[in-house]
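The lines below spell out each chain.
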Amino acid sequence: IIEVGWFLSDHHIKITDPQSVLITPDKVAWELMQQDLFVQTMHTENDLLKDMESFGTIMVEDAEDQILEDINKHYPEGLLTLAGASVHFDHGFIRNWMPRLDRKLSHRHMDVSTLKMFFDSQGFYSYGEKQRPTVHRALDDVTDTFDLFCRYAELVQELEYSYSNRTDALDA
């Protein structure tokens, strides 16, 4: 992972502004990235490599400090739920590389990709359609995933409203 994006929410509104930082890859990660033409092409097209040169990178511990600063400011007590798309991958990275952050996280996840699979299987494909092309940048990914979560929450509310109106009509 060479870019980390995050923001805090209460599942309905964003508590903090979305942020991202570029992580200094270790030697092995950098070499693997250089060997993979797909990854090189993706990171060139989405300007990640250019941004690494222009803006520089920080150590993973410094990124962890920034995230913990947000968490401690807004949620000093209790465990937080990590949310995202296929978030188990992110939690694995956090467990290995950001142990202080890991201690602030619950074992539970809000995996929006699971919601997408469920609603797609029920015929609600249009709700999970991307609103813009995927650019594989952390800030866009966390924002797009939260927006998708909000669309699914609105769908559940609409379905509940529709169901209660139907049962009210039956009771009348």
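The paragraphs below set out a description of the structure included in this document.

How each quantity is defined
Residues numbered from 1 in each chain as written. Predicted model: local features only at pLDDT ≥ 70, side-chain atom pairs only at ≥ 80, totals over all residues. Heavy atoms only, no water. Helix = DSSP H or I, 4+ residues; strand = E, 2+ residues; numbered from the N terminus. Buried < 20%, exposed > 50% of the residue type's maximum accessible area, 1.4 Å probe, protein only. Contact = heavy atoms within 4.5 Å. Areas by Shrake-Rupley, 256 points an atom, 1.4 Å probe, with all protein chains shown as cover. Arc of directions from axis to C-beta. Salt bridge = Lys/Arg side-chain N within 4 Å of Asp/Glu carboxyl O. Core = buried A, V, L, I, M, F, W, Y, C linked by side-chain atoms within 4.5 Å. Lys, Arg positive; Asp, Glu negative; His and termini not counted. Pairing = 2+ DSSP bridges.

**Quick word on the overall build of the chain**
In terms of regular secondary structure, the chain is built from 8 helices and 4 strands. Each helix (α) and strand (β) of the chain, taken in turn from the N terminus, gives the series β-β-α-α-α-α-β-α-α-β-α-α. The principal-axis extent of the C-alpha atoms belonging to the chain is close to 70 × 40 × 25 Å. By residue count, 34% of the 172 residues in the chain fall in the buried class. Here the analysis covers contacts within the chain between residues at least 6 apart in sequence; of these, 68% occur between residues at least 24 apart. Within the structure as shown, the chain displays about 11300 Å² of accessible surface, and the carbon and sulfur contribution to it stands at 56%.

**A closer look at helix α3 (residues 48-55)**
When we look at burial in α3, the residues that qualify are Leu48, Leu49, Asp51 and Met52. Seen along its axis, α3 keeps its buried residues to an arc of 160 degrees; they face one direction. Projecting away from the buried face of α3 at angles above 90 degrees are the exposed residues Glu53 and Ser54. Contacts made by the buried residues of α3 are with β1 (3-6), β2 (19-22), α1 (27-35) and α2 (37-45). Just downstream of α3, Gly56 is the residue with a positive phi angle, here 80 degrees.

**Some remarks on the environment of Ile94**
With respect to the helices and strands, the residue Ile94 is situated in helix α5 (residues 87-97). Given a relative accessible area of 9%, Ile94 falls into the buried group. Setting aside residues no more than four positions away along its own chain, Ile94 makes contact with Leu82, Pro99, Leu101, Asp102 and Leu105.

**Quick word on the pattern of salt bridges**
Tallied over the full model, the rule gives 5 salt bridges. Measuring nitrogen to oxygen at the nearest pair gives 2.8 Å for the salt bridge that ties Lys116 to Asp120. Within this pair, Lys116 and its partner Asp120 are both found in helix α7 (residues 112-121), separated by 4 residues, close to a single helical turn. Relative accessible area serves as the criterion here: at 29%, Lys116 is assigned to the partly exposed category.

**A short note on the nonpolar core**
If you look at the biggest cluster of nonpolar residues, it comprises 18 residues, and the most contacted ones within it are Val4, Ile67, Met98 and Leu101. Of all the secondary-structure elements, those providing two or more residues to this core are β1, α4 (60-74), β3 (80-84) and α5. Ranked by residues supplied to this core, first place goes to α4 with 5 residues. Once residues within four sequence positions are removed from consideration, Met98 is found in contact with Val4, Val60, Ala63, Glu64, Ile67 and Phe93.

**Looking at the side chain of Asp111**
Of note, Asp111 is situated in strand β4 (residues 105-111). Summary of buried charges: Asp111 has no salt-bridge partner, and the nearest side chain of opposite charge, Lys116, is 11 Å away. When residues no more than four places from it in sequence are discounted, the contact partners of Asp111 are Gly84, Ala85, Ser86, Val87 and His88.

**Details of the pairing of β1**
Where burial is concerned, the two faces of β1 agree: the one with Glu3 and Gly5 and the one with Val4 and Trp6 are both buried. Here β1 pairs with β2 via 4 bridges, running antiparallel. When the bridges of β2 are listed, Gly5 appears paired with Ser20.

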